[in-house]
Amino acid sequence: MPMDTPIWNFVKAYAESGNIRAHMPGHKGRGFLGFEKYDITEIKGADALYEAGGIIEKSRLNAQSLFGSGRTDYSTEGSSQCIRAMVALACGLSRGRPLILAARKVHKAFVYACALMDADIEWLMPERETGSLCACPITPEGVAKRLDGLERKPCALYITAPDYLGGSPDIRGIARECHKRDVPLLVDNAHGAYLKFLSPSRHPLDLGADMCCDSAHKTLPVLTGGAYLHVSKDFLPRLNKEPRRVMAMFGSTSPSYLILSSLDLCNRYLTEGYPERLAEACRRVSVLRGGLREMGYSVPETDPLKLTVLDGVGGEVLAARLRQNNIEVEMADRWAVVMMFTPETGEEEMERIGEVFASFASTPLPEEKRNVLCPKVAMSPRQALMSPTKRVKADDSVGRVCADPSVSCPPAVPIVVSGEVITPEAVEMFKEYGIKEIETVDI
Ligand SMILES: Cc1ncc(COP(=O)(O)O)c(C=O)c1O
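This structure is a prediction, so every number in the text was calculated from the model and none was measured.

### Regarding the overall build of the protein chain
Inference 1: If you tally the helices and strands in the protein chain, you get 14 helices and 12 strands.
Inference 2: Relative to a compact globule of 443 residues, whose C-alpha radius of gyration would be 22 Å, the protein chain shows 22 Å and is just as compact.
Inference 3: By principal-axis analysis of the C-alpha atoms, the protein chain measures approximately 65 × 60 × 45 Å.
Inference 4: Burial status across the protein chain gives 56% buried among its 443 residues.
Inference 5: Long-range pairs, those at least 24 residues apart, make up 68% of the contacts in the protein chain with a sequence separation of at least 6.
Inference 6: Accessible surface, the protein chain: about 19500 Å² in total, of which carbon and sulfur atoms supply 52%.
Inference 7: Here the protein chain contributes 53 positively and 58 negatively charged side chains, and the mean placements of these two sets differ by 4 Å.

And the structure:
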């Protein structure tokens, strides 16, 4: 039996009903894009995302059963909304001022979340510097040592896995160390919704995470903004707030029914041969990965649907070469380009990418030794984000306190976090990422 799609069934029937729309939105079902008829609001029968008891609840339960979680909630505002909710839920468990231990190189949504909750952050720095803004190599042993060395017990450990480059630490081992010390593990799995459907699953919940967010829109065929907040079965009874109430604190009161319909239809998609199509897509990426390695490119092992290629000519040059051939990549940085594929990517498209790489000679990567940036904290992220600010040129920012995490998007991973003092090494990195001006605290 195919999985039912209660939200889409309702929206489609309403779109075809010919009803006079004496309600929001203002386009009245007619408009510029052609699909406005499916864009509805909370009319009778349409349920309401944060008080769901009808079609949205039924659809949400479908997603929950697919992911095997204790609780899965939909987000129409990306993992960014889920990260705020995860952090708020974890902070709610803290007695006293909340502290979160976080693996550095987080998405900036985490910094905003900590500022909103007025949580302190202790950083788990990368155990070796990779020179990339995105990679944060950490080990269970490193996590254990750091947890034992903290003066205050954190209300959570927060990690990003997979990261933008597709790297992932040993989540199972890290979860074990967290649980030995009764510290919940939160995972930013924005890039890994599909990991659930690999055989065996590599989804963080199945590796011991207590809560995680998945951007459905990044790796599944869901409209931009569609995401899930998952809570594990073991961890759910420990929460002292309902996840959806906390999601509501950070979301619009007008969630998009286009995105909800897309999430709803994705449930059915996932039950109709998706694991097989996914396995085939992973095989294709793996073939391309092998081919590029034979050509001399440096291609690390990553999560299976990502292809990260490093080369001595630099990521921007690789991206430009691909762009000239009508191929647009997800992200380019100093040495790497990152490409993301799904079963929707055609076999010929993958072959074309291989041909473009083959038409250029690979260049060896230079040897680079980098030190881990050691941030000096002048104030909390909240104080820094809420303070009056002054925009200064990157070169003039040394010694000033960073107000807004200064990042380019993608990858939206801060070089200096709000409240930290900007160093000359950080300015070097700003330049590498094309950041010319920085928002600094002006007090
Ligand atoms: C690692 C990571 N976490 C979180 C996010 C935020 O996700 P969303 O765009 O779904 O809000 C992103 C977005 O690029 C990301 O790369």
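### A closer look at the site of the ligand
Inference 1: Near the ligand, the surroundings consist of 13 residues, among which Ser-80, Asp-188, His-191, Ser-215 and His-217 are the closest.
Inference 2: Within the side chain of Asp-188, one N or O atom sits 2.5 Å away from a nitrogen atom of the ligand.
Inference 3: Protein contacts shield 87% of the accessible area of the ligand, which totals 390 Å² for the unbound molecule.
Inference 4: Counting only elements with at least two residues in the shell around the ligand, the list comes to helix H3 (78–91) and helix H7 (216–219).
Inference 5: Of all the elements, H3 adds the most residues to the shell around the ligand, at 4 residues.
Inference 6: By residue class, the composition of the shell around the ligand is 3 nonpolar, 8 polar and 2 charged.

### Some thoughts on a negative patch on the surface
Inference 1: Side chains of Glu-347, Glu-348, Glu-349 and Glu-351 sit close together on the surface and give a patch of like negative charge.
Inference 2: With respect to the secondary-structure elements, Glu-348 resides in helix H12 (residues 347–358).
Inference 3: Since its relative accessible area comes to 55%, Glu-348 is described here as exposed.

### A short note on the nonpolar core
Inference 1: By size, the foremost hydrophobic cluster in this structure holds 97 residues, and its most contacted members are Phe-110, Leu-220, Val-309, Met-339 and Phe-357.
Inference 2: For this core, the element with the most residues is H3, which contributes 9 residues.
Inference 3: Formed jointly, this core draws a minimum of three residues from each of two domains, domain 1 (48–248) and domain 2 (274–358).
Inference 4: Setting aside residues up to four positions removed in sequence, Leu-220 forms contacts with Ala-193, Tyr-194, Tyr-228, Cys-266, Leu-270 and Tyr-274.
Inference 5: Grouped together as the second largest cluster of nonpolar side chains are 22 residues, Leu-124, Ile-174, Ala-175 and Ala-209 included.

### Concerning the sheet that holds strand S8 (residues 306–310)
Inference 1: One open sheet holds the 3 strands; their spatial order is S8-S10-S9, and the pairing between them is antiparallel. At either end of the open sheet lies a strand with only one pairing partner, and these are S8 and strand S9 (331–332).
Inference 2: Two strands pair when backbone bridges link them, and S8 and strand S10 (residues 336–340) are joined in this way by 5 bridges, in the antiparallel orientation. Note that in S10 the partner of Thr-308 across the bridge is Val-338.

### Describing the pattern of salt bridges
Inference 1: One pass over the structure, following the stated rule, counts 27 salt bridges.
Inference 2: The shortest N-O distance in the salt bridge between Lys-12 and Glu-16 comes to 3.7 Å. With Lys-12 and Glu-16 both in helix H1 (residues 6–17) and 4 residues apart, this pair spans about one turn of that helix.
Inference 3: Here Lys-12 falls in the partly exposed class, since its relative accessible area comes to 33%.
Inference 4: Arg-97 is paired through a salt bridge with Asp-118; the nearest N and O atoms lie 3.2 Å apart. With Arg-97 in the loop between H3 and strand S2 (99–103) and Asp-118 in the loop between helix H4 (108–117) and strand S3 (120–124), this residue pair connects regions lying 21 residues apart in the sequence.

### A few points about the packing of helix H5 (residues 140–149) against helix H6 (residues 171–180)
Two quantities define a packed helix pair, namely the angle between the axes and the distance from one axis to the other.
Inference 1: Axis separation between H5 and H6 bottoms out at 8 Å; the angle between their running directions is 20 degrees. The orientation of H5 relative to H6 falls into the category roughly parallel. The element H5 and its partner H6 pack so that their crossing is right-handed. Of the residues in H6, those touching H5 at Pro-140, Val-143, Ala-144 and Leu-147 are Gly-173, Ile-174, Glu-177 and Cys-178.
Inference 2: For the contact of H5 with H6, a count of residues per class yields 6 nonpolar, 1 polar and 1 charged.

### Thoughts on the environment of Val-372
Inference 1: Summarising the element assignment, Val-372 is placed in the loop between H12 and helix H13 (381–386).
Inference 2: Assessed through its relative accessible area of 25%, Val-372 is described here as partly exposed.
Inference 3: Separated by 185 residues in sequence, Val-372 and Val-187 place their C-alpha atoms 22 Å apart.
Inference 4: Contacts of Val-372, omitting those with residues within four sequence positions, involve Met-125, Pro-126 and Glu-129.

### Quick look at the domain arrangement of the protein chain
Inference 1: Taken domain by domain, the protein chain consists of domain 1 (48–248), domain 2 (274–358) and domain 3 (381–441).
Inference 2: Summarising the inter-unit geometry, the C-alpha centres of domain 1 and domain 2 are found 27 Å apart.
Inference 3: Contacts between domain 1 and domain 2 engage 17 residues on the former and 18 residues on the latter.
Inference 4: Buried area between domain 1 and domain 2, summed over both chains or domains, comes out near 1400 Å², and the portion from carbon and sulfur atoms is 63%.
Inference 5: Together, Tyr-164, Leu-165 and Tyr-194 form the three largest contributors to the area buried by domain 1 at its contact with domain 2, with a combined 40%.
Inference 6: Here domain 1 is connected to domain 2 by 0 salt bridges.
Inference 7: Here domain 1 and domain 2 share 7 residue pairs in polar contact (both at pLDDT 80 or more) between them.

### Structural notes on H4
Inference 1: Among all positions in H4, only Ala-109, Phe-110, Val-111, Ala-113, Cys-114 and Ala-115 are buried.
Inference 2: Where the residues of H4 are buried, they touch H3, S2, S3, strand S4 (156–160) and H13.
Inference 3: Immediately downstream of H4, the backbone of Asp-118 shows phi near 55 degrees, a positive value.

About the cut-offs
Residues numbered from 1 in each chain as written. Predicted model: local features only at pLDDT ≥ 70, side-chain atom pairs only at ≥ 80, totals over all residues. Heavy atoms only, no water. Helix = DSSP H or I, 4+ residues; strand = E, 2+ residues; numbered from the N terminus. Rg over C-alpha atoms; globule rule 2.2 N^0.38 Å. Buried < 20%, exposed > 50% of the residue type's maximum accessible area, 1.4 Å probe, protein only. Contact = heavy atoms within 4.5 Å. Areas by Shrake-Rupley, 256 points an atom, 1.4 Å probe, with all protein chains shown as cover. Lys, Arg positive; Asp, Glu negative; His and termini not counted. Charge placed at Lys NZ, Arg CZ, Asp CG, Glu CD. Near = heavy atom within 4 Å. Polar contact = N/O pair within 3.5 Å; in protein donor to acceptor, adjacent residues only side chain to side chain. Nonpolar A, V, L, I, M, F, W, Y, C, P; charged D, E, K, R; others polar. Patch = residues over 30% accessible without salt bridge, like charges linked within 9 Å, V, L, I, M, F, W, Y side chains within 5 Å. Salt bridge = Lys/Arg side-chain N within 4 Å of Asp/Glu carboxyl O. Core = buried A, V, L, I, M, F, W, Y, C linked by side-chain atoms within 4.5 Å. Domains from an automatic or database assignment. Pairing = 2+ DSSP bridges. Axes fitted to C-alpha atoms, helices over the stretch in contact; angles between N-to-C directions. Parallel < 35°, antiparallel > 145°, perpendicular 65-115°, else oblique. Left-handed = near helix turned anticlockwise from the far one by under 90°. Buried area = accessible area lost by both parts, 1.4 Å probe.

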